[in-house]
Amino acid sequence: MLIKKIFVYGSLRSDMFNYKIHLDGKVSSSKKGYIKGELSHIENKGYPAVVKGDNKILGELMELYDFEATLAELDEMENYIPNKDNNEYNRCEVEVTLLDGSVEKAYYYEYNKNSEVNKNDLLLPIKEGDWKEFIINK
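Numbering of residues begins from 1 in every chain and follows the order in which that chain's sequence is written. Local features in this predicted model are restricted to residues whose pLDDT is 70 or higher, and side-chain atom pairs enter the listing and the counts only when it is 80 or higher, whereas totals over whole chains, interfaces and linings include all residues. Excluding hydrogens and water, the side-chain figures rest on all heavy atoms present in the structure.

Going by what an unreviewed UniProt entry lists, the protein is known as Gamma-glutamylcyclotransferase and is assigned to Paeniclostridium hominis.

Burial along strand 1 (residues 5-8) is two-sided: the residues Lys 5 and Phe 7 and Ile 6 and Val 8 are all buried. Bridge count for strand 1 against strand 3 (residues 47-64) is four bridges, and the pairing is antiparallel. Looking at the pairing, Phe 7 lines up with Leu 61 of strand 3. Type-normalised accessible area, obtained with a 1.4 Å probe on protein chains alone, sets the label of each residue: buried when under 20%, exposed when over 50%, and partly exposed for intermediate values. Counting from the N terminus, the helices are the DSSP runs of H or I reaching at least four residues and the strands are the DSSP runs of E reaching at least two. For two strands to count as paired, DSSP must find a minimum of two bridges between them.

Any carboxyl oxygen of Asp or Glu within 4 Å of a side-chain nitrogen of Lys or Arg constitutes a salt bridge here. Scanning all chains against the criterion turns up 14 salt bridges. For Lys 5, the salt bridge goes to Glu 104, with nearest N and O atoms at 2.3 Å. Here Glu 104 lies in strand 5 (residues 103-111) and Lys 5 lies in strand 1, a separation of 99 residues in the sequence. There is no split in this pair, since Lys 5 and Glu 104 are both buried. For Glu 116, the salt bridge is made with Lys 119, and the minimal N-O distance between the two is 2.9 Å. Connected through salt bridges with shared partners, the residues Lys 5, Lys 31, Glu 63 and Glu 104 form a single ionic network.

The next point concerns the pairing of strand 3. Note: strand 2 (residues 27-42) against strand 3, 15 bridges, orientation antiparallel. By the bridge assignment, Ser 29 is partnered in strand 3 with Glu 63. Joining the antiparallel neighbours strand 2 and strand 3 is a turn of four residues, in which Gly 46 adopts a positive phi near 85°.

Once that is clear, we can look at the environment of Lys 52. With respect to the helices and strands, Lys 52 occurs in strand 3. Along the chain, Lys 52 and Cys 92 lie 40 residues apart, while their C-alpha atoms are 11 Å from each other. In what follows, residue pairs with any heavy atoms lying within 4.5 Å of each other are defined as contacts. If near-sequence neighbours (up to four positions away) are discounted, Lys 52 is found in contact with Gly 37, Glu 38 and Glu 110. What qualifies as a polar contact is a pair of N or O atoms within 3.5 Å, subject to a donor-acceptor requirement within protein and to the restriction that residues adjacent in sequence count only when both atoms come from side chains. Reaching out from Lys 52, the side chain makes a polar contact with the side chain of Glu 110 at a distance of 2.9 Å.

Set out below in structure tokens:
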């Protein structure tokens with residue numbers, strides 16, 4: 001199955017700083033949902049990280065007008081190069097559970113904890129699973 005949607009959980013969410021830069025005017029639809037994982041705030045960088053886990057992580061499932069072009073722009077923003085080991089984030093497939101209980105597949109950016117660029121990061125766990133709420137209340 002060809003994936004044509006992205007799931008965003010951090011600075012790319014609606015009303016956040018990277019949404020305005022990279023996604024404003026490029027999203028044809030957005031639905032709230034969640035994925036499973038472990039969410040942290042990277043203190044020394046000011047944005048979030050998700051790795052595999054069992055907690056609910058809130059975010060948005062987005063359809064894009066020009067999926068390929070926008071995905072290439074997001075790959076660059078996330079420091080992701082296909083088939084490279086030392087990416088800051090890796091683009092991975094994930095199952096997104098929507099508020100109505102339905103499940104859809106999407107891409108998302110998973111923090112690469114083994115990357116050289118991330119070795120000195122200070123990760124602060126966000127147990128509530130909502131980075132946007134964490135930043136607003138920080």
